[in-house]
Amino acid sequence: MTNIRTRLTVQFALLVTVILLLFSLGVYFFSKLYLEKRFFRRLQDRAITTTTLLFDLQQTDSTVLRVIDAGNKEPLLNENISIYNAKTKNVLFSTNPANTRFHEQFIPQLDSAAQTIYLRQGEYQVVAIHLAKANSSDWVIVSGIDQTGHEALEDLKKILIVMVLAALLLLGLSGWFFADRALAPMSGIVQQVNTIFPADVSKRVQHPNRSDEIGVLVATFNQLLDRIEQAIHKQKMFIANVSHELKNPLTKINSQIDVALIQKRNPDVYERTLQSLQEDTRHLAQLTNTLLELANTSMRADTLPVEPVRMDELLWESKTQLQSWHEDYRIQLTFSDFPDEEDALITPGNRAALKVLLMNLLDNACKFSPSKTAQATFLTKANTILISVFNEGPQIPETDLPYIFQPFFRSNATAPSSKGHGVGLAVVAQIVEIHKGTISVQSAQEGTTFTLTLPSLAPF
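In this text the structure is predicted, and so the values were computed from the model without any measurement.

This paragraph deals with unusual backbone geometry. Phi angles above zero are rare outside glycine, and Ala-382 is one such case at about 50°. Note on placement: Ala-382 falls in the loop between β9 (373–381) and β10 (384–391). The backbone of Lys-436 sits at a positive phi, close to 55°, despite the residue not being glycine. You can see Lys-436 is positioned in the loop between α9 (424–434) and β11 (438–444). The class for Lys-436 is exposed, based on a relative accessible area of 71%.

Turning to α9, a few remarks are in order. Along α9, the positions that sit buried rather than exposed are Leu-425, Ala-426, Val-427, Val-428, Ile-431 and Val-432. Residue Lys-436 follows α9 closely and has a positive phi angle near 55°.

Another point: the sheet that holds β10. The five strands lie next to each other as β7-β9-β10-β12-β11, forming an open sheet whose pairing is mixed. Only two strands of the sheet have a single partner each, and these edge strands are β7 (330–335) and β11. Sheet twist, expressed as the average angle between the axes of neighbouring strands with direction ignored, equals 15°. Where β9 lies against β10, seven bridges are found, and the strand directions are antiparallel. Across the sheet, residue Phe-378 finds its bridge partner in β10, namely Ile-387.

With that settled, consider the packing of helix α7 (residues 311–325) against helix α8 (residues 351–368). Where α7 meets α8, the closest approach of the two axes is 9 Å, and the angle between their N-to-C directions is 55°. With respect to each other, α7 and α8 are oriented oblique. Like other packed secondary-structure pairs, α7 and α8 cross with a definite hand, here right-handed. Contact residues: α7 offers Met-311, Leu-314, Leu-315, Glu-317, Ser-318, Lys-319, Gln-321, Leu-322 and Trp-325, while α8 offers Arg-351, Leu-354, Lys-355, Leu-358, Met-359, Leu-362 and Asp-363. Tallied by class, residues from the contact of α7 with α8 come to nine nonpolar, two polar and five charged.

Here we come to the sheet that holds strand β3 (residues 116–121). Judged by pairing direction, the sheet is antiparallel, and its five strands sit side by side in the order β2-β1-β5-β4-β3 without closing on themselves. For this open sheet the edge positions go to β2 (90–94) and β3, each flanked by a neighbour on one side alone. Taking the axes of each pair of neighbouring strands and ignoring which way they run, one obtains an average angle of 25° across the sheet. With nine bridges connecting them, strand β4 (residues 124–132) and strand β5 (residues 137–145) associate as antiparallel partners. Its bridge partner lying in β5, Ala-132 is registered against Ser-137.

One pass over the structure, following the stated rule, counts nine salt bridges. Between Glu-154 and Lys-157 there is a salt bridge, with its nearest N and O atoms 3.7 Å apart. With Glu-154 and Lys-157 both in helix α4 (residues 147–196), this residue pair falls three residues apart, about one helical turn. Glu-154 sits in the partly exposed class, given a relative accessible area of 39%. In this structure Lys-157 comes out as partly exposed when scored by relative accessible area, which is 33%. Salt-bridge contacts for Glu-313 lead to Arg-310; the nearest nitrogen and oxygen are separated by 3.7 Å. On the basis of relative accessibility, which here comes to 45%, the residue Glu-313 falls in the partly exposed class.

Bridge analysis of β7 against β9 gives six bridges, and the strand direction is parallel. Counted as the bridge partner of Leu-333 is Ala-376 from β9. Connecting β9 to the next strand, β10, in antiparallel fashion are two residues, including Ala-382 with a positive phi near 50°.

So, how was this worked out
Residues numbered from 1 in each chain as written. Predicted model: local features only at pLDDT ≥ 70, side-chain atom pairs only at ≥ 80, totals over all residues. Heavy atoms only, no water. Helix = DSSP H or I, 4+ residues; strand = E, 2+ residues; numbered from the N terminus. Buried < 20%, exposed > 50% of the residue type's maximum accessible area, 1.4 Å probe, protein only. Pairing = 2+ DSSP bridges. Axes fitted to C-alpha atoms, helices over the stretch in contact; angles between N-to-C directions. Parallel < 35°, antiparallel > 145°, perpendicular 65-115°, else oblique. Left-handed = near helix turned anticlockwise from the far one by under 90°. Contact = heavy atoms within 4.5 Å. Nonpolar A, V, L, I, M, F, W, Y, C, P; charged D, E, K, R; others polar. Salt bridge = Lys/Arg side-chain N within 4 Å of Asp/Glu carboxyl O.

Take a look at the structure:
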C-alpha cells in the first residue's frame, strides 16, 4: 500500500495535469478558431476587391483578370476566384479555369437570401459574396488553403505537448518535495509517540504551531494521553488497593488455619476459629461482590436497558428493602413540593442501576450515622429531580472531599467508625455519570449531605 507522500504527489500531479491539458486544449481550439476567422476575412477581402472591380468596370474580360491578379500581392495557396451568374447559371470567369468544377460543387449551397456564405471543403476555406443587381444576380466565390495557419497550429501543438511534458516532470519533483515538507511534522510526531508509551506516559507531543491542523491533532492526541495516563494511574491504584484489601483477610484466614493445625484443641476453640473464618469469608465475599458491581457498571454503560423510572417510588422501595436487611437502620423520607405532573417524577434510566445508587447512598448514610439514621429529601424543580441524603456522622475534611468518589478511598475521619472498602461511592458516581446526572457532597460539623440531581421527563 502506497504511503501518504506518494498519494499526495500523484493526486497533485494528476490534478494539475488535467488543468494543464484543459488549458492547452482551450488555447489550441481558440487559436484554430482565430486563424480560421482571420483566413475567412482575407478571403472576404479578396472577394470584396473583385466585387469592387466588377461594379466599377461593368465587364468581365481579361483586363479584369489582370487587375485582380495585380491586386493579389500576397497570393494564397491554391487560391481561386470565380464569378457565377445565377440567372444564366454559368461561371463567367475564374482565375483558375482548370479548377472551375471545384467551385461548381458549392453552387447548390448558395442561398440568394444571404449576403455572405462561409464554407469548408477539406483543407479549403470558401467565401461566397452575393451581388444582387437590377437585372442580374452574381456570386463571387473565393477559395484557398491557409498553409500559414496550419503550420502555426502544428507549431503550437508541438509547443503545448513539450510544455505539458515538462510541466509533468516539474510537478512530480515539486509535488514530492512539498509533500515531504508537509508530512515532516508527522514523522516527528511518530518519533515522539514511540518514546512516550509505554516508557513514560507523562511526556506529551510537542508541535511548534498549535493553530494549524497538525497542531489541533497534536492537542487532541495530548488530551488522549492525559486520559490514558489518568486511566493507568487509576488502574495502578485500583490494583494496589484491591491487593491490600484482599491480602489482609486472606492472611488472617491463613494464620488462623495454621494456628488451629499446630495442635489438637477442644471443640470450643475450633468453633470460635470457624466463626472467625466465616466472618472473614463474608468480608471477602462482600468485597468481591462490590468489585463485580463496580466492574459491571463500567463495562455495561452502553448496553444497560433504559426505561422510564419513577424515582419517588424507587426511593421508597430502596428504603423498605434496606430496612428489611438492617433492622437497626432508620430512614426518614420527606417529599416536598410534590409536582402535579407525573413526568416530573420520572427519569429515563436503568431501574436496577438506579436502585443500587439509592441503596448505596442510604446505606452509607446509616452506616456512618451514630444513630443509624438517614434523612432523605425528594423534590423536583426546573426539569430535574433532586434527592438529598443527610446523616449526622463525623465531618469529612475539606481536603478529602475531591477524592470521596474514587475507588477504595476512605477518609481518616470516617474510616474508624465503620467497616468498609471505599467502593460504594465509586459505584454511585459511575451510575450517576451513565444517567447524565450530577452528585455533590457537603460536610460540616452537623453532618454530611449528598445531593443527587437527575433529569426528568417534564416538558420545558
